[in-house]
Structure formats: C-alpha cells, structure tokens
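Below are the chains, spelled out letter by letter.
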Amino acid sequence: GDIKILIDTGCGVQLRLIDLGVEIDDLDYIFITHFHPDHTVELYSMLVRRFLLSKFYKKEMSPLIVYGPKGMEKFIRDIAKIHQLEVVDSMPNMMIKELKGKEELDCFSVESFKVEHMNGDSVAFRFEIDGKVIVFSGDSIKCNGIENAIKEADIFIADCSISKGADPGPHLNTIEIGEISQNANVKKVILSHLLPRNYDKDLVAEVKEEYDGEVVMGEDLMEIEV
C-alpha cells in the first residue's frame, strides 16, 4: 500500500530517495541487517534530518520505527556520541527496536533470521504480504539462517560479492546462491552487494549453473513487481 520501508542505509541512499521523490518523513520503517558502514553510514544523518526538520522548521514528523539486530539502540547512541549530536531522546515520533523472530506490522509481517557474517550480529529479513515473500540476505555466508529465510520465497535479494572460483570470504558466492535458491524453491533471485572486482564476470550465468529460476542483476532505482 502506502507503507514505505527502507532496508539498510549505505552511502548515497538519501540521494536515491530524492531521485524517487521520497521525503525523509515518508519512511515508515527502516530495517538494518548489520552494523558495517556500507549498510549504516547514512542512518544517523537521516535521523538527525528528522530531528532538525521538527526542531527548527516545526514540521510534524510521522512515526518511524528503526529495526535491527541485537544492539541496535546502543549502535545509534554510540554514533550520536561520536558525532557530538546526542539528540536521540529528542527525536520525534521515533522508536528503536531489536527484531527477534517474527512480528506483524501494519499490512505485512517481517521475520529476522540470524546469519553468519564475520563476527558481528547479522540478520536476514523475510517479509510476507498478501501471500508473497521477499527476503533480503544482508551480508551472509552459506548457513542455516539464510537457507531457512529463503524457503519458498518469491524474491530473494542476495549478497553476491564473490564470483565462481574466487577465494572464499565472508559472503555468499554465485554457486552457493544458485544451490540454496534451487533447494529452497525460490522463484526469482536479485543479485546485490556487487563489487567492482566482478564487473567483468557474468554473475547471472554463474548463479544459473545451479539454479533454474529467474536471475536478475540488481541496479539502482530498479522496480520489481512481485
């Protein structure tokens, strides 16, 4: 419906929201998969924008809930101290929550699945609405958490940082994405978290070596009908 959800807040996300005509006050929910900077670097500046619009421009802010893994509120407060703008408690109509398990929100549900990525607290998110399932992997290696999260998903937005044959790292590789998507009966895979070192690789073809569903290379401002 009219609910607007943002998943992760990496570099450039505010400019992309402007491109889409989405104001900072239009967002109903922000979901954070983990605390690494490429997923959170613009989070606090977005929250401060809401604070400034309310305090100095007297704009009435609509409710916003920020969900994340264990330690979400501490993370935001720690950034506030570093930035010398400890205004979290003055931010209007905002709540910070740790998502544990499954929760019903407005017209959809969301469930967090603990995944393995380096040594931090990382989660994948599984959204369900009107019988459709969309899963965001966040950053993850092949593990039980991500395999359970994507079961029977209509859309799987996958961390695709490692190409076929490359040295293993703290991310899924293309062959693993294909394998787990095939086993979980995923209908469509969107490749995300793309790295320059793979720009000359045919990542879609690599995933399809193990998966017979649809695979799409993610792009900024892409719209996907579910």
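What counts as what
- Residues numbered from 1 in each chain as written.
- Predicted model: local features only at pLDDT ≥ 70, side-chain atom pairs only at ≥ 80, totals over all residues.
- Heavy atoms only, no water.
- Phe/Tyr/Trp six-rings, centres within 6.5 Å; stacked < 30°, edge-to-face > 60°.
- Helix = DSSP H or I, 4+ residues; strand = E, 2+ residues; numbered from the N terminus.
- Buried < 20%, exposed > 50% of the residue type's maximum accessible area, 1.4 Å probe, protein only.

What is the right way to read the packing of aromatic side chains from this model?
Here the distance between the centres and the angle between the planes together describe a pair of aromatic rings. Enumeration according to the criterion identifies 10 aromatic pairs in this entry. When the ring of F31 is compared with that of F125, the centres are 5.3 Å apart and the planes differ by 65°; the resulting orientation is edge-to-face. Note that F31 is positioned in strand β2 (residues 29-31) and F125 in strand β7 (residues 122-129), a separation of 94 residues in sequence. Take F125: its relative accessible area is 0%, and that puts it in the buried class. Taken together, a centroid distance of 5.1 Å and an interplanar angle of 90° make the contact between F31 and F127 edge-to-face. Here F31 is found in strand β2, whereas its partner F127 is found in strand β7, with 96 residues between them in sequence. Take F31: its relative accessible area is 0%, and that puts it in the buried class. Its relative accessible area of 8% is what places F127 among the buried residues. Taken together through their ring pairs, the aromatic side chains of Y29, F31, Y67, F108, F125, F127 and F136 make up a single cluster.

By themselves, these observations are geometric and do not establish any function.
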